[in-house]
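Notes for the structure review
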Amino acid sequence: VPVVAVVGRPNVGKSTLVNRIIGRRQAVVEDVPGVTRDRVPYDAQWAGRQFTVVDTGGWEPDAKDRAAAIAAQAETAVATADVVLFVVDAVVGSTDVDEAAVRMLRRSAKPVILVANKADNAAVEVEATSLWSLGLGEPFAVSALHGRGSGELLDAIMEALPEAPKIVEDRPRGPRRVALVGRPNVGKSSLLNRFSGEERAVVDSVAGTTVDPVDSLVRIGGETWHLVDTAGLRKRVGKASGTEYYASLRTAAAIEAAEVAVVLLDASEPISEQDQRILSMVTETGRALVIAFNKWDLVDGDRRYYLDKEIERELRRIPWAIRLNLSAMTGRAVDKLAPALRKALASWETRVPTAQLNSWLTALVQATPHPVRGGRAPKILFATQAGTCPPRFVLFTTAPLDAGYQRFVERKLREEFGFEGSPVEISVRPRK
Ligand code: GDP
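Remember, predicted model here, so these are calculated numbers, not experimental data.

Helix and strand counts for the protein chain come out as 12 helices and 15 strands. Looking at the protein chain as a whole, 39% of its 432 residues are labelled buried. A fraction of 70% describes how many contacts in the protein chain between residues 6 or more apart in sequence connect residues 24 or more apart.

And the structure:
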């Protein structure tokens, strides 16, 4: 998600402008001279596109050198933003502090949009044209308070943003897409048969659904699910189901086409390399994941002991996967499948509001800062969620983070927000 930073002297109306852009009157902290605010990001959208607005705030309470203070603020904005909004007070006109900031902003390659705020009437709007002299191009005369000119400003921001992503449309209507995968003989077709009674019968009753001939619509837990490539699961008597290579391609394609994968493992046998490859396909494709240990009826006390050890060792990298112990033969825990799928999909689609994400993050980095490295510690400035399905986060930082610290942030993120059954991607964008 592209970032727009708002820069300007205290009292020019930055908070009011941010409120105007995000379109609600939430508690954006007042723009009081001499009051330090942290960089606060907010979610915004305009013309069907999403972006993040960062109110750079950040004045030292009693900065002796105001020019230096605003330069530091501008520097942070330039470092983290895709577009900078430079706000001046149209009634006051430009001051020498404004001009110091402009010099700093012009040195960067980032697009800067000049906002002449407090243009509440036509007279001030005319006044504002004199701000051309700042050398930042056309001043946008805006009344953040009354809304005057804010539409034109938002259009200009959209034009300056690099490929601002279209808001992702809601996923296509129709049943959720599930891949049921696992190596041969783990019990895939046996499990499918548990649900097959009403299979296909519902095809016509689900409006707007296109189902491939190899797919099936299946009722599981009172809900219709779109099972991908069930043709690959049916046993053709007397025929081998193809080479392992072919089977693996088919598995990969099914996972790709699905939103959530059920990876079936044979609980009576050791977790194999082939099982691991299938699990990796799911995590690398970024799909939600439910691991079902089938043939649980064959698991006795001894096997249970070894299985626990195997799980600890072999599934260490995916502790977030939802695990079920079931038996396609006896029907044990088969009713747990639908709730597990729903939970995994809910995690997969989770969007954490930016304000909530950052108040959590601020507390986290305060309690456990990045370790010092070569005399300095990289700082996390703020974070945004760049997408869902699976949840993807971007950390804006002063420098690359240690891998260990990044894992720590991910672990804490999961502790706070859940994401059970879904991978989570975190990328770091160090400022340049
Ligand atoms: P697929 O190749 O993954 O589709 O596996 P199948 O469904 O064909 O099952 C392979 C073998 O395992 C068959 O002999 C099944 O009867 C058996 N099987 C499947 N599920 C279970 C189970 O829960 N318990 C036991 N004991 N056997 C099972």
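Moving on, we come to the sheet that holds strand β6 (residues 140–141). Strand order in the open sheet formed by 6 strands is β2-β3-β1-β4-β5-β6, and the pairing between neighbours is mixed. The sheet is open, and its two edges are formed by β2 (40–46) and β6, each paired on a single side. In the sheet, strand β1 (residues 3–8) pairs with strand β3 (residues 49–55) via 4 bridges, with the strands oriented parallel. From the neighbouring strand, Ala5 faces β3, where its bridge partner is Val54. Lying on the sheet, helix α5 (residues 150–160) is in contact with β1, β2, β3, β4 (83–89), β5 (112–117) and β6; it crosses β5 at an angle near 170°. Together, β2 and β3 form the strand contacts of helix α11 (residues 354–367), whose direction differs from that of β2 by roughly 165°.

Surrounding the ligand, one finds 17 residues, the nearest of these being Gly187, Lys188, Ser189, Ser190 and Met329. The biggest single contributor to the shell around the ligand is helix α6 (residues 188–195), with 3 residues. Broken down by class, the residue content of the shell around the ligand amounts to 6 nonpolar, 7 polar and 4 charged.

By secondary structure assignment, the location of Val54 is in strand β3. Taking the number of C-beta atoms within 10 Å as the measure of exposure, Val54 has 27 and is therefore buried. In this structure, the C-alpha to C-alpha distance between Val54 and Ala81, residues 27 residues apart in sequence, is 8.2 Å.

A few words on α6. Note: α-helices contain 3.6 residues per turn, so residues at a spacing of three or four share the same orientation. Taken as a whole, α6 has its buried residues at Lys188, Leu191 and Phe195. Down the axis of α6, the smallest arc covering the buried residues is 70°, so these residues share one side.

Moving on: the packing of helix α7 (residues 244–257) against helix α8 (residues 273–285). Put simply, α7 and α8 touch, their axes get as near as 10 Å, and they point 35° apart. Crossing of α7 against α8: the hand is right-handed. Along the contact surface, α7 presents Thr251, Ala252, Ile255 and Glu256, while α8 presents Ile278, Met281, Val282 and Thr285. For the contact of α7 with α8, a count of residues per class yields 5 nonpolar, 2 polar and 1 charged.

Our focus in this paragraph is the sheet that holds strand β9 (residues 223–228). On the basis of which strands lie adjacent, the open sheet formed by 6 strands has the order β8-β9-β7-β10-β11-β12 and mixed pairing. Single-partner strands in this sheet number two, and they are β8 (216–220) and β12 (322–325). On average, each strand axis in the sheet is inclined to that of its neighbour by 30°, with strand direction left out of account. With 4 bridges connecting them, strand β7 (residues 176–181) and β9 associate as parallel partners. The partner of Val178 across the bridge, within β9, is Leu227. Contacting β7, β9 and β10 (260–266), α7 crosses the sheet at an angle of about 155° to β7. Along the sheet face, helix α10 (residues 337–348) touches β7, β8, β9, β10, β11 (288–294) and β12 and points at about 155° away from the line of β11.

The subject of this paragraph is the pairing of β10. A large share of β10 lies buried, amounting to 6 of its 7 residues. Inspection of the sheet shows β7 paired to β10 by 4 bridges, in the parallel sense. Paired with Ala179 across the two strands is Ala261, which belongs to β10. In this structure, β10 lies alongside β11, joined through 7 bridges in parallel fashion. Within the sheet, the bridge partner assigned to Val262 lies in β11 and is Val290. Handedness of the crossover joining β10 and β11 through α8 is recorded here as right-handed.

Comment: phi is negative for the bulk of residues other than glycine, and the bulk of peptide bonds are trans. Cis geometry marks the peptide bond from Cys389 to Pro390, where omega comes out at 0°. Assignment of secondary structure puts Pro390 in the loop between β13 (380–387) and β14 (392–397). Although it is not a glycine, Ala47 sits at a positive phi angle of roughly 50°. In this fold, Ala47 is placed in the loop between β2 and β3. Of note in the backbone geometry, Asp229 takes a positive phi value of approximately 50° without being a glycine. Note on placement: Asp229 falls in the loop between β9 and α7.

What counts and how
Residues numbered from 1 in each chain as written. Predicted model: local features only at pLDDT ≥ 70, side-chain atom pairs only at ≥ 80, totals over all residues. Helix = DSSP H or I, 4+ residues; strand = E, 2+ residues; numbered from the N terminus. Buried ≥ 20, exposed ≤ 12 C-beta atoms within 10 Å, placed from the backbone. Contact = placed C-beta atoms within 7 Å. Pairing = 2+ DSSP bridges. Axes fitted to C-alpha atoms, helices over the stretch in contact; angles between N-to-C directions. Near = placed C-beta within 6 Å. Nonpolar A, V, L, I, M, F, W, Y, C, P; charged D, E, K, R; others polar. Arc of directions from axis to C-beta. Left-handed = near helix turned anticlockwise from the far one by under 90°. Right-handed = clockwise from strand over helix to strand, strands pointing away.

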